[in-house]
Amino acid sequence: MELLIRAAQQRSRATILLFVILLAGGLFAYQTIPKEANPDVPIPIIYVSMVYEGVSPEDAERLMVRPMEQELRSIEGLREMTAIAGEGHASVTLEFDAGFDSRAALQDVREKVDRARAYIPQEAEEPSVHEVNVALFPVLSVGLSGPISEEELIRTARLLKEEIEGLTEVLEVTIGGDREDLLEIIVDPQVLASYNIVYSELLSLVSNNNQLVAAGRLDMQSGSFSIKVPSVIGSVEDVLSVPVKVDGDNVVTFGDVARLRRTFFDPEGFARINGQPAVVLEISKRTGSNVIDTVRNVQQLLEDAGEVMPEDLQVDYILDQSSEVEQMLSELLNNVMTAVILVLIIIIATMGVRSALMVGLTIPGAFLATILVLLTIGYTMNIIVLFALILVAGMLVDGAVVVCELADRNRQQGDDPYDAWAKAASRMAWPIIASTATTLAVFVPLLFWPGVVGEFMKYLPATVIIALSASLVMALIFLPTLGAISGVSQARQEAVEGRFTHWYKSSLTRAVTRPWWALGGVLLVIAAIYVLYGKFNHGVEFFPAVEPESAQVVVRARGDYSVYEKDAMVRQVEQRLADLTEVRALYARSIAAPDWNAGVDTIGILQFQFIDWHQRRPAREILAEMQRRTADIPGLVLEFREQEQGPGEGKPFQLTVSAIEPEMINDQVTRIRAAMDDIGGFTDVADDRSLPGIEWRIQVDREEAARLGTDVLTVGNAVQLVTNGILLARYRPSDAIDEVDIRLRFPESWRHIDQLRQLTVQSSRGQIPIANMVELEAAPKVGTLRRMDGRRAVTIEADLEAGYQLDERLQSLQQEVLNELPDGVFISIGGEGEDQQEAAQFLMMAFLVAIFLMTLILVLQFNSLYQTFIVLSAILLSTAGILGGLLLNGQSFGIVMVGMGIIALAGIVVNNNIVLIDTYNEFRGQGKSAVEAAIETGTLRLRPVLLTAITTILGLMPMVLGVNVNLLEPSLGIDAPSTQWWTQLSSAIAGGLAFATVLTLLLTPVLLVLGARFKERIRH
């Protein structure tokens, strides 16, 4: 190693040039690296969508879902398969293990779907396979609202969609609230009856007259010509000329019997922004594009388009990830700068200005080299990466401090700068490499964290590993070269240091001369901390709660309401909450048929975008006020939900009940929900059982229909005239992207239940009332059916009341009801409970692997099992400091964050122990007694141990205290959302490291002396 260090010094210009290139490359990388709020985590979900118009949920399950499940269940890497069967549609959702090969999985699914297609009714549409891609999630949602017509709103939205999709950074724009175009042919039922129109003949006539006939080619002496018979419907006028009845020489066209209008399908919901009708442009960026640049370009385009947009159109930015990213990056960068400055202040105070500058250069050098590597491997700049940089801000200088401190000593002993720095770097090379290797060994297992949580958190260990590797190169290669050239020599502040060193030396002398008393005292303190934490802890949670930028109110109601009735109920809630001053935008929408991931009784959602966090009350207080304002609205169930943060999904409590016999499920769900009410602690409890309701069934007497000269199809076509209309054909007008349906319908005044009894159909016996052959009866309605892993299933979801913890509620429910399930009923815990269990299991395994790797490195370094045990014991004992840090800062025990803190601390704690034990071994090799060696070691290593510990702790203090210091403005922010992410982890590491430093300086020398005494006794 000394050869490499001296070679770098001898070729100092090349070394410094390389250092400058790294700095320049890092600055370039920082400017160009894509920036985003959360990591771009691949979601391991693929779903298969199937459509069969008019099919009942039971038939959709039997004819489409079950054949598809049978084929898909054998796909490799499949973690869970859920299915939904509803009226006219079905879908199968496949969840794979995180980190899956999406291309291979997609190919496998498509092959299986092609096989299953043979078993699905031919009348059904082709099944479509979709991958849930996080890249398609919007980074900007633009609301278009105002007192203008729906047609003008949608037309404007479509024009803007085309313009925005022309930007290179934009992947896709979808229009929320868009309506599907329809060409409606309105015909009076008496007119159809008077012309004796038969529906089968009508469909045949329209189809035969909407054809593009390529009649071939004609070659003649005068030339060659292609012949076509163009008769494809391309406009409303073409439809008016289509024949509907032919009787001899008489032809009746649509123009004679009907009126046509270009309109939209019946509404499936309504949307409003701040009370005005609205549509929303949801804009997704391309993978690798910078979210800030993407949003800025879209906003500029919208500003330029303002002149051609309707005058009363209001543009609102409902979701803007760029502002969130900019604010969060700014806050975290401020914390990085604060951490670096605090570290430099401590180094200047103890080592002097010139030494501090030498050490300080390694921080930006390591940071910028890390960012350059991150850009090279395709990572983005996000909150996880930035916190990793804050975490290592104090650790980056550990090696540099140790080398600089020894070089300073060498200079005072008369060595020239080159020898002083070369000797210092060479002497400390292997201890520094060993300590860095043990830290890296701790973080390496975290790279293999499974699941979505692991994909989310892996950026932290990757960044730490890169940064610490860069700091090792800085400390052992660049720092000795820079120090040798600068000729740094700085007198130490002996007076202050002398008094503190004298006090420490006397304390250490008393400890090592009475080692058993010292050991007993430390163990007593540790036991006291554990007892105090057990009594006054703040509970357990999966992921830290972070102040949200938005919230939503989910409106639920049970009953067979029309979309207009549902919208009226949503308006009630909207009016109560419309004048909140702390809400920047209120986006309300009513829903006729909720999405698969929404509750079955959801009729609407109100989305609130808050003003900046420092200008308003906490979100929980705002939601509490919303709850008070809407408490007296009858017939509605309202759920007040904060914006979800991190990798979690949905409500924290999710329990799925499945059974071989579907009849057993409802009883068990009722029983579990009753137990949840008795136990308490649950709120906003919901399940996805079918809602009570009725459906109208038209039972056709096939024998009587045949006797009257008609059939079920003819009756069904007649009924369609009252409902959605008969699909006659499709055409593609010049102003539409997709094909537009042409449907024949009765006027709106005829579309009601009573009209079904008055319908007539044309048969060989003339016009016949369908009442002669059908019975109209009301029957219980079957809603959406859900399945899991091939069995019918129902999922119960709930939030937790304040003061309750998920793991404790699950245990209570387990004892109360889940241990007494009948045969054939299966329970699956999902949501946060499942994630907690997986994360806890992995973190425990990662901790054990890290301990094993560290043991190998330490045994290689010391060639002593006992000294290895001393270092590892410091890790175990420092957990008391972790609990103390959480207790003092009022933090709960976060499974993810504190679990990572324990593992990260394990790597940090060993560093000082390695250097201290290495120095002790050197003194013992010089013939000193164990007590003398321990006292000399402690005194000599006091300053570097305190420096490395204090710099790491100070680097984390802005996060521990929740303080955001902007040194450029200047300004001070308290409890910013970006700091809330990391308060648990920072508190755990800072508390653990502070306690571990005391153990290193007092307990480690004591254990070394005890080991030496025990060894002497064995010899004698």
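Residues numbered from 1 in each chain as written. Predicted model: local features only at pLDDT ≥ 70, side-chain atom pairs only at ≥ 80, totals over all residues. Heavy atoms only, no water.

**Here's the deal with the packing of helix α1 (residues 2-10) against helix α17 (residues 459-486)**
Inference 1: Look at α1 against α17: their axes get within 9 Å of each other, and the N-to-C directions meet at 45°. The pairing of α1 with α17 is recorded here as oblique in orientation. Between α1 and α17 lies a crossing whose hand is right-handed. Residues Leu 4, Ile 5, Ala 8 and Gln 9 of α1 form the contact with α17, whose participating residues are Leu 476, Ile 477, Pro 480, Thr 481 and Ala 484.
Inference 2: For the contact of α1 with α17, a count of residues per class yields 7 nonpolar, 2 polar and no charged. (Axes fitted to C-alpha atoms, helices over the stretch in contact; angles between N-to-C directions. Helix = DSSP H or I, 4+ residues; strand = E, 2+ residues; numbered from the N terminus. Parallel < 35°, antiparallel > 145°, perpendicular 65-115°, else oblique. Left-handed = near helix turned anticlockwise from the far one by under 90°. Contact = heavy atoms within 4.5 Å. Nonpolar A, V, L, I, M, F, W, Y, C, P; charged D, E, K, R; others polar.)

**A word on helix α29 (residues 879-888)**
Since the α-helix advances by 3.6 residues per turn, residues separated by three or four positions end up pointing in the same direction.
Inference 1: Of all 10 residues in α29, 8 are buried; the element is thus mostly enclosed.
Inference 2: All buried positions along α29 are accounted for by Thr 879, Ala 880, Gly 881, Ile 882, Leu 883, Gly 884, Gly 885 and Leu 886.
Inference 3: On its buried face, α29 sits against α19 (515-536), α28 (865-877), β32 (893-894), α30 (895-925) and α33 (983-1019).
Inference 4: After α29 finishes, the residue Gly 890 shows a positive phi value of roughly 65°. (Buried < 20%, exposed > 50% of the residue type's maximum accessible area, 1.4 Å probe, protein only.)

**Examining the packing of aromatic side chains**
Inference 1: Scanning the entire structure with this criterion turns up 7 aromatic pairs.
Inference 2: Sitting above the plane of the Phe 826 ring, Arg 791 keeps its charged end 4.1 Å from the centroid. (Phe/Tyr/Trp six-rings, centres within 6.5 Å; stacked < 30°, edge-to-face > 60°. Lys NZ or Arg CZ within 6 Å of the ring centre and 35° of its normal.)

**Some words on empty space enclosed by the protein**
Inference 1: Throughout the structure, instances matching the rule amount to 4 cavities of 30 Å³ or more.
Inference 2: Each pocket or cavity is described by its volume, and for the largest cavity that value is around 180 Å³.
Inference 3: For the lining of the largest cavity, the elements supplying multiple residues, two or more each, are α14 (398-412), α15 (417-443), α17 and α30.
Inference 4: Here the lining of the largest cavity gets 4 residues from one element, more than from any other, and that element is α15.
Inference 5: Among the residues making up the lining of the largest cavity, the classes are represented as 7 nonpolar, 8 polar and 1 charged. (1 Å grid on protein atoms, 1.4 Å probe; cavity = no way out; pocket = protein on both sides within 12 Å on 5 of 7 lines; lining within 4 Å. Points joined across faces, edges and corners; volume = space filled by probe spheres on them.)

**A few points about the domain arrangement of the protein**
Inference 1: Each assigned domain of the protein is listed here: domain 1 (1-32 + 324-485 + 499-542 + 837-1019), domain 2 (41-135), domain 3 (198-222 + 233-256 + 694-781) and domain 4 (548-644).
Inference 2: Using only C-alpha atoms to locate each centre, domain 3 and domain 4 end up separated by 42 Å. (Domains from an automatic or database assignment.)

**Considerations on the environment of Asp 601**
Inference 1: If you trace the backbone, Asp 601 turns up in the loop between β18 (583-590) and β19 (602-610).
Inference 2: Classification of Asp 601 as buried rests on a relative accessible area of 10%.
Inference 3: Apart from the residues within four sequence positions on either side, Asp 601 is in contact with Val 555, Arg 556, Ala 557, Arg 558 and Leu 691.
Inference 4: Looking at Asp 601, its side chain comes within polar contact range of the side chain of Arg 556, at 2.7 Å. (Polar contact = N/O pair within 3.5 Å; in protein donor to acceptor, adjacent residues only side chain to side chain.)

**Observations regarding the pattern of salt bridges**
Inference 1: A full pass over the atoms with the stated rule returns 42 salt bridges.
Inference 2: Residue Glu 703 is joined to Arg 707 by a salt bridge in which the shortest nitrogen-to-oxygen separation is 3.1 Å. Note that Glu 703 and Arg 707 are positioned in helix α23 (residues 702-707) at a spacing of 4 residues, about one turn of the helix.
Inference 3: With its nearest N and O atoms 2.8 Å apart, the salt bridge here joins Asp 741 to Arg 730. Of the two residues, Asp 741 sits in strand β25 (residues 740-745) while Arg 730 sits in strand β24 (residues 726-731), which places them 11 residues apart along the sequence.
Inference 4: Through salt bridges with shared partners, a single network forms among Glu 184, Arg 261, Asp 266, Arg 745 and Arg 751. (Salt bridge = Lys/Arg side-chain N within 4 Å of Asp/Glu carboxyl O.)

**Considering α14**
Inference 1: Between its terminal C-alpha atoms α14 stretches 21 Å, which fits the 21 Å expected from 15 residues at 1.5 Å a residue.
Inference 2: Along α14, 13 of the 15 residues are buried, which leaves the element largely enclosed by surrounding structure.
Inference 3: Following α14 by one or two positions, Gly 414 has its phi on the positive side, about 105°. (Expected span 1.5 Å × (residues − 1).)

**Describing a nonpolar patch on the surface**
Inference 1: A surface patch of nonpolar side chains, amounting to about 350 Å² of accessible area, comprises Leu 218, Met 220, Phe 225 and Ile 227.
Inference 2: Those elements giving two or more residues to the nonpolar patch turn out to be β8 (212-220) and β9 (223-230).
Inference 3: Here Ile 227 shows up in strand β9.
Inference 4: Relative accessible area serves as the criterion here: at 36%, Ile 227 is assigned to the partly exposed category. (Patch = residues over 30% accessible without salt bridge, like charges linked within 9 Å, V, L, I, M, F, W, Y side chains within 5 Å. Areas by Shrake-Rupley, 256 points an atom, 1.4 Å probe, with all protein chains shown as cover.)

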